[in-house]
Number of protein chains: 2
Amino acid sequence: MADTITLSRPVADFHVHVRDGDMMRLVIPTIKQGGVSVAYIMPNLVPPLTCVADVLAYKSRLEAVDSSISYIMTLYLSPEITPEVIHEAANAGITGVKCYPAGVTTNSDYGVASYIPYYPTFAAMEEEGMVLNLHGECPSSGHIHVLNAEEEFLPTLKDIHSRFPRLRIVLEHCTSAAAVQAVKECGPTVAATITAHHLFLTIDNWAGNSLNYCKPVAKFPSDKQALLDAATSGDPKFFFGSDSAPHPIGNKEKGKNAAAGVFTQTHAAAYVAEAFYQLGKLDKLAAFLCDFGRQFYKIQEKEPEWTVVLRKEENVVPALLGEGAGAVVPFKAGEQLHWKVEIV
Amino acid sequence: MADTITLSRPVADFHVHVRDGDMMRLVIPTIKQGGVSVAYIMPNLVPPLTCVADVLAYKSRLEAVDSSISYIMTLYLSPEITPEVIHEAANAGITGVKCYPAGVTTNSDYGVASYIPYYPTFAAMEEEGMVLNLHGECPSSGHIHVLNAEEEFLPTLKDIHSRFPRLRIVLEHCTSAAAVQAVKECGPTVAATITAHHLFLTIDNWAGNSLNYCKPVAKFPSDKQALLDAATSGDPKFFFGSDSAPHPIGNKEKGKNAAAGVFTQTHAAAYVAEAFYQLGKLDKLAAFLCDFGRQFYKIQEKEPEWTVVLRKEENVVPALLGEGAGAVVPFKAGEQLHWKVEIV
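In the annotation of an unreviewed UniProt entry, the entry for chain A reads dihydroorotase, and the organism field reads Lipomyces tetrasporus. For chain A, the Pathway (unreviewed entry) comment in UniProt is given as "Pyrimidine metabolism; UMP biosynthesis via de novo pathway; (S)-dihydroorotate from bicarbonate: step 3/3." Recorded in UniProt under Sequence similarities (unreviewed entry), the annotation for chain A is "Belongs to the metallo-dependent hydrolases superfamily. DHOase family. Class II DHOase subfamily."

Geometrically, a pair of aromatic rings is defined through the distance of the ring centres and the angle of the planes. Residue and element names in this part refer to chain A. This model, assessed by the stated rule, comprises 36 aromatic pairs over all chains. Ring plane angle 40 degrees and centroid distance 5.8 Å describe the contact between phenylalanine 239 and phenylalanine 296, whose orientation is recorded as tilted. With phenylalanine 239 in strand β10 (residues 238-240) and phenylalanine 296 in helix α11 (residues 285-297), this pair connects stretches of sequence that are 57 residues apart. The pair formed by phenylalanine 239 and phenylalanine 296 is uniform in burial state, with each residue classed as buried. By way of ring pairs, the aromatic residues Phe14, Tyr40, Phe239, Phe296 and Tyr297 are connected into one cluster.

All names here are of chain B. Burial along strand β8 (residues 168-171) is two-sided: Arg168 and Val170 facing one way and Ile169 and Leu171 facing the other are all buried. Relative to β8, strand β7 (residues 131-134) is paired through 4 bridges, and the arrangement is parallel. If you follow leucine 134 over to β8, its bridge partner there is leucine 171. Since β8 and strand β9 (residues 190-194) lie parallel, the crossover through helix α6 (residues 177-185) that links them has a hand, and here it is right-handed.

This paragraph deals with the relation of the copies chain B and chain A. Once chain B is rotated about the relating axis by 180 degrees and shifted along it by 0.0 Å, it coincides with chain A to within an RMSD of 0.0 Å. Given the turn and translation reported, the copies of this chain are related as if by a two-fold rotation axis. Considering only C-alpha atoms, the part of chain B nearest the rotation axis is lysine 254 of chain B, at 2.6 Å. A high fraction, 100%, of the interface residues of chain B reappear at the interface in chain A, so the copies pair face to face through one surface.

In this section: the interface of chain B and chain A. Residue-level contacts link 24 residues of chain B with 24 residues of chain A. In total, chain B and chain A occlude about 2000 Å² of area from one another, counting both sides; carbon and sulfur atoms represent 60% of this. Connecting chain B to chain A are 0 salt bridges. Where chain B packs against chain A, one counts 14 residue pairs in polar contact (both at pLDDT 80 or more). Looking at the side of chain B that touches chain A, the element that brings in the most residues is helix α7 (residues 203-206) of chain B, giving 3 residues. Of the residues in the side of chain B that touches chain A, the class split is 11 nonpolar, 8 polar and 5 charged.

Cut-offs and rules
Residue numbers restart at each chain and count upward from 1, following the sequence in its written direction. Each chain gets a letter, beginning with A, and each ligand a number, beginning with 1, in the order they are written. In keeping with the predicted nature of the model, local features appear solely for residues at pLDDT of at least 70, side-chain atom pairs appear and are counted solely at 80 or more, and the whole-chain, interface and lining totals rest on all residues. Calculated side-chain values reflect all of the structure's heavy atoms, with hydrogen atoms and water omitted. UniProt positions are given in the numbering used here, feature names are shortened, and annotations may be inferred rather than shown by experiment. Within 6.5 Å between ring centres, the rings of Phe, Tyr and Trp (the latter by its six-membered ring) count as paired, and their orientation is classed by plane angle as stacked under 30 degrees, edge-to-face over 60, tilted in between. Secondary structure follows DSSP: runs of H or I at least 4 residues long count as helices, runs of E at least 2 residues long count as strands, and numbering of each begins at the N terminus. Exposure is judged per residue with a 1.4 Å probe applied to protein chains only, and the accessible area is read against the type maximum: over 50% gives exposed, under 20% gives buried, and values in between give partly exposed. Strands qualify as paired when DSSP identifies two bridges or more between them. Here is how to tell: hold the view so the strands point away, follow the path from the first strand over the helix to the second, and if it runs clockwise the crossover is right-handed. The fit set for superposing copies consists of C-alpha atoms from residues with pLDDT of at least 70 in both; the fit itself is least squares. When checking whether two residues touch, look at their non-hydrogen atoms; a contact exists if any pair is within 4.5 Å. Defined in terms of a 1.4 Å probe, buried area is the accessible area two parts forfeit on being brought together, summed over both. By convention in these notes, a salt bridge is any Lys or Arg side-chain nitrogen within 4 Å of a carboxyl oxygen on Asp or Glu. Any pair of nitrogen or oxygen atoms within 3.5 Å is treated as a polar contact; in protein, a donor-acceptor pairing is required on top of that, and neighbouring residues in sequence qualify only through side-chain atoms on both sides. Amino acids are sorted into nonpolar (Ala, Val, Leu, Ile, Met, Phe, Trp, Tyr, Cys and Pro), charged (Asp, Glu, Lys and Arg) and polar (every other residue, Gly among them).

Structural data, given as structure tokens:
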């Protein structure tokens, strides 16, 4: 097995949270640090990005920090996102629309309770070739809880797909064997992102460990295995989206209502390389990190002026990114990875 | 529905953690405060109580703080607990032996990996009429995780029961519909305790909320319903054991390796009354809290000089018990209960 992997093009991360303001300035430099040149940017700011002008203004703020990254922009699905807004967004170069079910994760208070009112919007997206990004969970209620919330959502995924078969849909951060199976059963317009942290975590890792708590929660060992199998299978329906979620340390290290999210941006390619390495599947790494997402999205991107080299080298994840109250604890802080990202 | 319930005798709590030293002095006064006069004391100190002399010395320390409580004492199952020690313990008035599988909960590092070496000990306990208290979980490994750890243990419960049918066994803090069913299927020598907090919590309540994290973890809504049904059924196999677990606040409010346990001692009878009240089952309360456990254990106890009255009255749970680094966060801190314990 080679001790150096040179990626022919940098990683494309199809699920990135950079927030705004100070947090944005802290996190944006870590995109490149983690080996990523294409960042698909989530719209769940406070308030969320529900008009084209706000998305474009946000993109300008991102580019002011680092203009070398290709920021691929999205809108937040809400009643404001009419078919007219979709046409305007497509003309403005916005790629996708992210749909959050109401109340299931960070900044989802403005989210969707029913999909039916959005059928005209989905039809316009299908016409324009825009991508629908689904946070695929039903809110907990009655028999629905955090562990079956994703599986309970899968009939909705299949229903939207059958109504809009040409609409490209990404089931974001899939976490269960059931979701992997459902995505495989759909046509080629349906794909899924897989995060770095879900390649490592199961329920035991977040029980009593809020640093590892995220939504969707990590599930059973058999689900983790299904994600590893999908990510390393060479099936182009499964590609990388880190869902790296920066939260100030005080919002994570608490006894009650810890923020949901795991921060992986600094070491994005290294974590995934670690998981593939442990399975002896490094030959499938570049396809998952770099190729399949770009193929599905057919995005326009800047030609990066740098190259990502993964070196087999001991690499201890630092305790913190940043300082003071705004500092962020990275995934596997203090633990040792076998692979290191170098930008050359 | 009456607004006052006078219990004919105080609550018997068949699973109590009071620790030692400062924490013991903080917690013991809360036993009576919660309406409890009989406290079945857990032996998982550091180091654990593995000889008769240590158990008796611990009992003396407890009585020095409050001699009006009936402390029912237990040994910690470990290789030191030979049949000879069982006979000595029975003669010394020790009631039970608590068995912790290795590594599954607080201070279980000295716990049991296999039950087979303990068959002679179990035979001696059966002969002496001592009670075996089982923390019924398999350690997480392979396909076993915190959510099926109890269900995976149930064949072991049934196996021990079939080998020692006259040995009284309590499946401690049962948390799943499967465990309730297994206990029902066993003969009359097998019973189970149910905590206060498991009458309220499901997995969603401890996801990102380490204050509600305990072992066994709270499970699905259907499991919670099975516990409520068992507790309010009038079946004498199910009785109260709070498993109230005091941990210093700093060990609970943290991002990593939060201590497992929920502290309910201060409001023990009030929490359970709340759960039964919400189901319209207050007529079953005294049997669950006071009668069935005493019947199963046939214990000797001091005649309490006080009476427990439950009053229907707004009762906000305080934010903390104690002060400083040793303070403990009670279950439902800051929330309002409808019932209040009065000692008259």
